[in-house]
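Topology and contacts: notes
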Amino acid sequence: MTKRVVVVGAGIGGLSAAIRLQHAGYAVEIYERLNMPGGKMHQIREKGFTFDVGPTIVMMPSVYQDIFRLAGRDPDDYIPMTRGDPMYQVFFQGDPMREYTVDNDLVHLMQMVEGKGPRNAKGFLDYLSSMYTRYQVAFQHFITRPFRKPSDIYNPFMLRQALKLKTFDSADHMMAKFMPDEDLQHMLSFQTLYIGVSPKNGPSLYNIIPMIELLYGVWYVKGGMHTVAEQMARLFTELGGVIHYGADVQRIVTKDSRALGIQVDGELIEADDVVCNADFPYAMKELVNEAKVRGRYTPERIDSMKYSCSCLVFYWGVTGTYESLSTHNFVISSDYDANLRSIFDGSEIRQPSIYLHIPSQTEPDMAPAGQSAFYALLPISELGTAQYEWNEQTVKLYRDKVLDALSALPELEHLRENIVMERMFTPEDFEREFHAYRGATFGLQPTLRQSNHWRPQAKAKHCEGLYFTGSSTHPGAGVPIVMQSGKICAEELMRDEEGTL
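My aim in this report is to walk through the structure given alongside it, one point at a time. Please read all numbers here as calculations on a predicted model, not as lab measurements. (Residues numbered from 1 in each chain as written. Predicted model: local features only at pLDDT ≥ 70, side-chain atom pairs only at ≥ 80, totals over all residues. Heavy atoms only, no water.)

1. Notes on the overall build of the protein chain
Helix and strand counts for the protein chain come out as 17 helices and 19 strands. For the protein chain, whose C-alpha radius of gyration is 22 Å, the value lies close to the compact-globule estimate of 23 Å for 501 residues. Judged by the C-alpha coordinates and their principal axes, the protein chain covers about 65 × 55 × 45 Å. Split into buried and exposed, the 501 residues of the protein chain put 62% on the buried side. (Helix = DSSP H or I, 4+ residues; strand = E, 2+ residues; numbered from the N terminus. Rg over C-alpha atoms; globule rule 2.2 N^0.38 Å. Buried < 20%, exposed > 50% of the residue type's maximum accessible area, 1.4 Å probe, protein only.)

2. A closer look at a negative patch on the surface
Negative charge collects at one region of the surface, where Glu323, Glu411, Glu413 and Glu417 lie side by side. By the element assignment, Glu413 lies in the loop between helix 14 (392-406) and helix 15 (415-418). (Patch = residues over 30% accessible without salt bridge, like charges linked within 9 Å, V, L, I, M, F, W, Y side chains within 5 Å. Areas by Shrake-Rupley, 256 points an atom, 1.4 Å probe, with all protein chains shown as cover. Salt bridge = Lys/Arg side-chain N within 4 Å of Asp/Glu carboxyl O. Lys, Arg positive; Asp, Glu negative; His and termini not counted. Charge placed at Lys NZ, Arg CZ, Asp CG, Glu CD.)

3. A few points about empty space enclosed by the protein
Summed over the entire model, instances satisfying the criterion amount to 1 cavity of 30 Å³ or more. Together, Tyr88, Val102, Leu109, Met112, Val113, Phe124, Leu184, Met187, Leu188 and Leu214 line the largest cavity. For the lining of the largest cavity, the elements supplying multiple residues, two or more each, are helix 3 (106-114) and helix 7 (182-187). Top contributing element to the lining of the largest cavity by residue count: helix 3, with 3 residues. (1 Å grid on protein atoms, 1.4 Å probe; cavity = no way out; pocket = protein on both sides within 12 Å on 5 of 7 lines; lining within 4 Å. Points joined across faces, edges and corners; volume = space filled by probe spheres on them.)

4. Looking at the pairing of strand 15 (residues 328-332)
A large share of strand 15 lies buried, amounting to 5 of its 5 residues. Here strand 15 shows no split at all, with His328, Phe330 and Ile332 on one side and Asn329 and Val331 on the other all buried. One ladder, built from 4 bridges, connects strand 6 (residues 88-92) with strand 15; its direction is parallel. Looking at strand 15, one finds that Phe92 is bridged to Ile332. As judged from the 4 bridges shared by strand 15 and strand 16 (residues 354-357), these two strands associate in the antiparallel manner. The residue bridging His328 from the neighbouring strand is His357, located in strand 16. (Pairing = 2+ DSSP bridges.)

Honestly, that's just the spatial picture; any functional story needs more than this.
Written out as structure tokens, the structure reads:
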């Protein structure tokens, strides 16, 4: 008899798990509250402009492609990719502004770092070598495996591997050991914000993020990142899976610590197993009712956990095209340390750092002819940390700060008057639209004590037939890592079905 699995949410983790289970012979149905797949990998289309709502950068392209190859498909038929060249530009605010163009051509990189002196050049190469070694250990022994029980990590072999990761230093401090130049340090450590943690206290292991960019490139998918979600949904349905859109799951139904199915619009949808792709903290507080199933993740525990930063994103349709800017542009605050402190202590950000994504630079069809699509992201405090209310005054305050900073970039001195279309997402929008707990865009913060075996795992510890995937579960945030969480989730479910505990 074919086992029936229901999946709560068509985010990337849920789609990753669902495709693998459907391919393995399960009968899988996804119930998605919104009208399109992808979760935060959503899309805005307005007045001829197209924007990705959330993620914009493809890293580790092989991870994206593997799920299509698993099903015997050619990834290029689904998610054709173009490598970004250059990868991005970095602007350091100040007088004068300092500008760097970063690509992964080793000749160009060495010219840039050697311009900072031999100590920085040697330190840069030492950084790549050190992080590549740690990356191999992390990928082989931590990112790709679950931790069901203490002995999965508390054994001599795994403890030796953990020591190789050298996780006790911060990303920022570790980078300073390699390169004394502060511009290089900041260029190669701010990427921890991609997963919602400050380089000041994020484990140094997360310095693998810029290393991955430099060694494997930054890529662009035709049509934007939402194409990945659309094509994963297409693959899933081609395999025989079913997606129900506009289906708001009110509850994961359990009895006597066994998952029975889900409740949608008051109706019980029965299943042999349930995969939950809703944000783990939200799911434990709102979808799971049995105290025994929650286990240690009581409402009080959920509230006490550390959460990633959120984001304030402006989506602007802009008159004109801007040849001097890249697809990906980073504007770094002149008071970098104060900027990071404010993001994570909840105080007002005096001078923000900004990520400016211009997809129309790579794909002109993302904007009408002679115009550009601007995605301006400001890392911001999550709702539980912020010491201010989200209202029109707050939005205006930060909008002005973003425009002031961007107007200093080449060709953007008239940005304000060139905006012809505007949308935005605040932390409250991320909480309301995607059930991101406290508006924390990247879920639980990946601190040392909220990573690996300390992070929520795929298999529910106190409920049979219930599994989790997504950025708040192991192995963490970032699109390729969330795809890996879906893989672990599917493998854990199949492992239980096979009875090989």
